[in-house]
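Okay, here's what each chain looks like letter by letter:
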Amino acid sequence: NAGVTQTPKFQVLKTGQSMTLQCAQDMNHEYMSWYRQDPGMGLRLIHYSVGAGITDQGEVPNGYNVSRSTTEDFPLRLLSAAPSQTSVYFCASRLSPGLGDQYFGPGTRLLVL
Amino acid sequence: GIQVEQSPPDLILQEGANSTLRCNFSDSVNNLQWFHQNPWGQLINLFYIPSGTKQNGRLSATTVATERYSLLYISSSQTTDSGVYFCAVGAGGTSYGKLTFGQGTILTVHP
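The rules we used
Throughout this document, residue positions are counted from 1 along each chain, in the order its sequence is written. Chain labels run from A onward and ligand labels from 1 onward, assigned in the order the entries are written. A pLDDT threshold of at least 70 governs which residues receive local features in this predicted model, and a stricter bar of 80 or more applies before side-chain atom pairs are shown or counted, although totals over entire chains, interfaces and linings include all residues. Note that the side-chain values use all heavy atoms of the structure and ignore hydrogens as well as water. Working definition: a disulfide is two cysteine sulfur atoms within 2.5 Å of each other. A run of H or I in DSSP counts as a helix once it spans at least four residues, and a run of E counts as a strand once it spans at least two, with each numbered from the N terminus. Using a 1.4 Å probe on the protein chains alone, a residue whose accessible area is under 20% of its type maximum counts as buried, one over 50% counts as exposed, and one in between counts as partly exposed. Strands are labelled as partners when DSSP assigns at least two bridges between them. Angles run from 0 to 180 degrees between N-to-C directions of axes, and those axes are lines fitted to C-alpha atoms, restricted for helices to the stretch in contact. Any two residues whose heavy atoms approach within 4.5 Å are treated as being in contact. As a working definition, buried area equals the accessible area (1.4 Å probe) given up by two parts on being put together, with both sides summed. Two N or O atoms form a polar contact when they lie within 3.5 Å of each other; inside protein one atom must be a possible hydrogen donor and the other a possible acceptor, and for residues adjacent in sequence the pair counts only when both atoms belong to side chains. Each residue gets one of three labels, nonpolar for Ala, Val, Leu, Ile, Met, Phe, Trp, Tyr, Cys and Pro, charged for Asp, Glu, Lys and Arg, and polar for the others, Gly among them.

1. Concerning the state of the cysteines
All names here are of chain A. Taken as a whole and judged by the stated rule, the model has two disulfides over all chains. The partner cysteine of Cys23 in its disulfide is Cys91, sulfur to sulfur 1.8 Å. Linking Cys23 and Cys91, the disulfide has an S-S dihedral of approximately -70° and is accordingly described as left-handed. Residue Cys23 is located in strand β3 (residues 19–25), and its partner Cys91 is located in strand β9 (residues 87–96); the two are separated by 68 residues in the primary sequence. We note that Cys23, like Cys91, is buried.

So, in structure tokens, the structure goes:
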């Protein structure tokens, strides 16, 4: 198993540009989520999904969109990048919302100029 | 929402020393995990421990759910233990599945 994979590893954007952060898992996990980590802070939940076709907002959803068309993939879209979205983004997956360990991908470092 | 507090915020040890990290949370939880974020930024699962005690080598954890705290013990610390340790909790109801993270404990182990 590759576990949770994320691409790209690093990205530089200009203000106003859009992009998609990719996330995939090969563990047949129902539950997937996106977090952002800012310096000196823990992780904050952006969006999550409890299964294909079902998504919901987390703690800091503004400026981000998600979709879940398959069990494996959970992309995060930045619609119009802002400097405040400079952060490290982690994708995570779990067997089901209430069961088992949550596994994290390696992260994507995003710099918005 | 649920609040998570970790202590101490920073910890500096000499190799071989033991340490205890604490995580307090403000409400009942059905999920509690400890993670280690290594100096390269990777988040590594240490324990899934909503209650009880678990051990894995030099690391062990105890969660006392009724008193709303969890402890992570590191014995005979090594330089590779350096990094940030996060506690993350999840509650039921409308928070089902979501994890709320503490601010982390930064551990530095000197040789």
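That covers the picture; the talk isn't over yet.
2. Observations regarding the sheet that holds strand β6 (residues 52–56) of chain B
Residue and element names in this part refer to chain B. Strand order across the open sheet formed by five strands is β1-β3-β8-β7-β6, with antiparallel pairing between neighbours. This sheet does not close on itself; its edge strands, each paired only once, are β1 (4–7) and β6. Ignoring which end each strand starts from, the neighbouring axes of this sheet average 15° apart. Of the pairings in the sheet, the one linking strand β3 (residues 19–25) to strand β8 (residues 69–74) comprises six bridges and is antiparallel in character.

3. Let's talk about unusual backbone geometry
All names here are of chain A. Of the consecutive residues Thr7 and Pro8, the connecting peptide bond is found in the cis state with omega at -5°. Note on placement: Pro8 falls in the loop between β1 (4–7) and β2 (10–13). You will see that Asn28, though not glycine, has its phi angle at about 60°, which is positive. Inspection of the secondary structure puts Asn28 in the loop between β3 and β4 (31–37). By relative accessible area, which is 57% here, Asn28 ends up exposed.

4. Observations regarding the interface of chain B and chain A
Taken together, the contact pairs 17 residues of chain B with 21 residues of chain A. When the two sides are added together, the surface that chain B and chain A hide from each other amounts to roughly 1,700 Å², 50% of it contributed by carbon and sulfur. Between chain B and chain A we count four residue pairs in polar contact (both at pLDDT 80 or more) in total. Counting residues per element, the ones that place at least two in the side of chain B that touches chain A are β4 (31–37) and β5 (43–48) of chain B. Partitioning the side of chain B that touches chain A into residue classes produces seven nonpolar, nine polar and one charged.

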